[in-house]
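For reference, the chains in residue letters:
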Amino acid sequence: MKKNYFYIFPLILLINNCSYNDDVSCNKKNWQLQKQDLLQQQKWTAKGKIKLKTKDKSYMGSFSWQQNYNSFSLNITGPLGIGIAEIKGNNKNANIYFNQQEKNISLKYFMQTELGHYIEPKQLANTLIGMPQTKNTLFRITYPFKESNNDFTTTWEKYSCFKDIFRPQKVHIQLKDQKDILIFINQWQLN
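Below or above, wherever it landed, is the structure these notes cover. (Residues numbered from 1 in each chain as written. Predicted model: local features only at pLDDT ≥ 70, side-chain atom pairs only at ≥ 80, totals over all residues. Heavy atoms only, no water.)

A word on the layout of surface pockets. In this structure, the largest pocket occupies an estimated 850 Å³ of space. Taken together, 30 residues line the largest pocket, and the ones lying closest to its centre are I50, L52, I76, F110 and L115. Mapped by element, the contributors of at least two residues to the lining of the largest pocket are β1 (43-53), β2 (58-68), β3 (71-77), β4 (83-90), β5 (94-98), α3 (107-114), α4 (121-129) and β10 (179-190). Tallying contributions element by element places β2 first for the lining of the largest pocket, with 5 residues. Counted by class, the lining of the largest pocket contains 23 nonpolar, 3 polar and 4 charged residues. (1 Å grid on protein atoms, 1.4 Å probe; cavity = no way out; pocket = protein on both sides within 12 Å on 5 of 7 lines; lining within 4 Å. Points joined across faces, edges and corners; volume = space filled by probe spheres on them. Helix = DSSP H or I, 4+ residues; strand = E, 2+ residues; numbered from the N terminus. Nonpolar A, V, L, I, M, F, W, Y, C, P; charged D, E, K, R; others polar.)

Structure follows, in structure tokens:
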């Protein structure tokens, strides 16, 4: 039985090295080329989990963000895949449609009343694809990378290599009043 462990250990090391080499392929492309690739990706889908934490409550669900040039659609589902809300709009304006309500409200109004701050859809999309407003090109390799403005702080905590471009896997947005949005992206698709 002990001999089996002797053969399994090198296999585990080989698998780990292969996954590491995928990340190394992204390092070879400089940031300017990666930024051009990201800007050219106008149609993409990101899927994963999202968690909203406040001082008193915590909400968790799954999400699917579909970007189609300047328009986007974000579906949020809860436990057992039950639909909670759908957000549709463009880079400047969006509406949120709750499954329990017949009418929709603006995303801006919802975020300001519930979170205390509005993050524009374009800024959220840039956060998802991993395009911070920085000239620091090492942020993709030396994560976590933190970027702050007056109202909130974004931390890209983990990246992975997807088709020669670094894409975020874990993003943490800290808002005022101890409110946090945690985003875990487990699937990327270029349309």
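What follows covers the pattern of salt bridges. If you walk through the whole model with that rule in mind, you get 2 salt bridges. Residues E86 and K88 are paired through a salt bridge, measuring 3.7 Å at the closest nitrogen-oxygen approach. K88 gets classed as partly exposed once you look at its relative accessible area, which sits at 40%. Among the salt bridges present, the one from E157 reaches K170, with a minimum N-O distance of 3.1 Å. (Salt bridge = Lys/Arg side-chain N within 4 Å of Asp/Glu carboxyl O. Buried < 20%, exposed > 50% of the residue type's maximum accessible area, 1.4 Å probe, protein only.)

One finds W44, W65, I87, I173, I183 and W188 to be the most contacted residues of the largest nonpolar core, which totals 37 residues. Per element, the largest residue contribution to this core is 5 residues, and it comes from strand β9 (residues 165-175). (Core = buried A, V, L, I, M, F, W, Y, C linked by side-chain atoms within 4.5 Å.)

For the rest of this paragraph, the subject is the packing of aromatic side chains. All chains considered together, the criterion is met by 4 aromatic pairs. Ring geometry for W44 and W188: centres 5.7 Å apart, planes at 55°, overall tilted. Placement of the pair is W44 in strand β1 and W188 in strand β10, with a sequence separation of 144 residues. Aromatic ring contacts, followed pair by pair, group W44, W65, F72 and W188 into a single cluster. (Phe/Tyr/Trp six-rings, centres within 6.5 Å; stacked < 30°, edge-to-face > 60°.)

Structural measurements only, silent on function.
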